[in-house]
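Given next are the chains, with one letter for each unit.
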Amino acid sequence: MSFPKLKEAVESWAIEDHFTFSVVKKDVKRVDSRCRARAMGCPWRVFASTMMEGELQVMKISSSHTCIAAPVAAREVANTQNWLRRTVPQHLFVTKATKPMEIVETIPIHYGEKVNYEAARLTNAALIADRVEHQREHFHQIPSYLQLLHQHNEGLYTDLHTTAEVNGHQIFQRLFICPWQSRESFQSMRKLMAIDGTFLKA
Ligand SMILES: [Zn+2]
């Protein structure tokens, strides 16, 4: 286990069980998380320490709370970027058109937690940027994908169209892929004319 993975696990636990925790001690070797209500005697605790081999191991878990009836502080975890960026995509397909309010409205439905607008706005912007970056990576793979296709399909015909952008990047337009079998069989097809209709848009 790593420090970030443990943090994610404890955050998810806090959200699911509706409590807040704070890290009371953290250094390169150990991390100690306690329930926020520990001052009132709540024993909930997750303590992890790095072993000789460098592996982080959870040494102590006190999983029960005595703070259930105690007044609950504002849920901070639900407003952390780390948790939101991990959680929002599980419930919402974020596109350029997604508004921060959708995040503000979605999270309480699933977790009963309030998300402030600013946290939602930051998450939304980050997820949109991620998506664009992600798509760019995928489009970058098209040439090597075509190369692979050609290697394994003799006689394959492909036609990739891109347009050059000002800053040197290429923009994908369309891709045509035709296996030789389709080309061959097309030669012996009966001639036919197909007429289809479409809507006219002003
Ligand atoms: Zn507690």
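Residues numbered from 1 in each chain as written. Predicted model: local features only at pLDDT ≥ 70, side-chain atom pairs only at ≥ 80, totals over all residues.

Across its full length, the chain carries six helices and six strands. For the chain, the N- to C-terminal ordering of α and β elements is α-β-β-β-β-α-α-α-α-β-β-α. Here the C-alpha radius of gyration of the chain, 27 Å, is well above what a compact globule of 202 residues would show, namely 17 Å. Considered along the principal axes of its C-alpha atoms, the chain spans approximately 85 × 55 × 35 Å. Within the chain, the fraction of its 202 residues that count as buried is 13%. For the chain, long-range pairs separated by at least 24 residues make up 42% of all intrachain contacts whose partners lie at least 6 apart in sequence. (Helix = DSSP H or I, 4+ residues; strand = E, 2+ residues; numbered from the N terminus. Rg over C-alpha atoms; globule rule 2.2 N^0.38 Å. Buried ≥ 20, exposed ≤ 12 C-beta atoms within 10 Å, placed from the backbone. Contact = placed C-beta atoms within 7 Å.)

Judged by pairing direction, the sheet is antiparallel, and its four strands sit side by side in the order S1-S2-S3-S4 without closing on themselves. Every interior strand has two partners, whereas the edge strands, strand S1 (21-26) and strand S4 (56-62), have only one. Each strand of the sheet is rotated relative to its neighbour by a mean of 15°, with strand direction disregarded. Against the sheet, helix H1 (residues 3-16) touches S1, strand S2 (30-35), strand S3 (45-50) and S4, its axis set at about 5° to S2. (Pairing = 2+ DSSP bridges. Axes fitted to C-alpha atoms, helices over the stretch in contact; angles between N-to-C directions.)

As a further point, take the packing of helix H2 (residues 81-91) against helix H4 (residues 117-140). The packing of two helices is summarised by the inter-axis angle and the distance between the axes. Running from amino to carboxyl end, H2 crosses H4 at an angle of 60°, the nearest separation of the two axes being 10 Å. In terms of their interaxial angle, H2 and H4 are classed as oblique. Here the hand of the crossing between H2 and H4 comes out right-handed. Contact residues: Gln 81, Leu 84, Arg 85, Val 88 and Pro 89 in H2; Ala 119, Leu 122, Thr 123, Ala 126 and Leu 127 in H4. For the contact of H2 with H4, the class distribution of residues is seven nonpolar, two polar and one charged. (Parallel < 35°, antiparallel > 145°, perpendicular 65-115°, else oblique. Left-handed = near helix turned anticlockwise from the far one by under 90°. Nonpolar A, V, L, I, M, F, W, Y, C, P; charged D, E, K, R; others polar.)

Phe 19, Cys 35, Cys 42, Cys 67, Ala 78, Ile 103 and Val 115 are the most contacted members of the largest nonpolar core, which has 19 residues in total. There are two domains that each give this core at least three residues, and those are domain 1 (3-62) and domain 2 (77-137). Leaving out residues up to four positions away in the same chain, Ile 103 has contacts with Val 88, Leu 92, Val 115, Ala 120, Thr 123 and Asn 124. (Core = buried A, V, L, I, M, F, W, Y, C linked by C-beta atoms within 7 Å. Domains from an automatic or database assignment.)

For the chain, the assigned domains read domain 1 (3-62), domain 2 (77-137) and domain 3 (146-187). Using only C-alpha atoms to locate each centre, domain 2 and domain 3 end up separated by 36 Å.

Alignment of S1 against S2, held across five bridges, turns out to be antiparallel. Its bridge partner lying in S2, Ser 22 is registered against Arg 34. Counted between consecutive antiparallel strands, the loop separating S1 from S2 contains three residues.

We now examine the environment of Gln 181. When you line up the elements, Gln 181 lands in helix H6 (residues 180-187). Separated by 25 residues in sequence, Gln 181 and Leu 156 have C-alpha atoms that sit 8.6 Å apart.

Let us now look at H4. With 24 residues, H4 ought to run about 34 Å at 1.5 Å a step, and its terminal C-alpha atoms sit 35 Å apart, in line with that. If you check which residues of H4 are buried, you get Ala 119, Ala 120, Thr 123, Asn 124 and Leu 127. Against the buried residues of H4 lie H2 and helix H3 (100-111). (Expected span 1.5 Å × (residues − 1).)

Pairing geometry for strand S5 (residues 157-164) and strand S6 (residues 170-178), over eight bridges, is antiparallel. Within the sheet, the bridge partner assigned to Thr 162 lies in S6 and is Phe 172. Counted along the chain from S5 to the antiparallel partner S6, the turn is five residues long, and its residue Gly 168 has a positive phi close to 90°.

Further remarks concern the packing of H3 against H4. Axis separation between H3 and H4 bottoms out at 8 Å; the angle between their running directions is 115°. Pair H3 / H4 crosses with right-handed handedness. Between H3, through Pro 100, Ile 103 and Val 104, and H4, the contact on the second element is made entirely by Tyr 117, Ala 120, Arg 121, Thr 123 and Asn 124.

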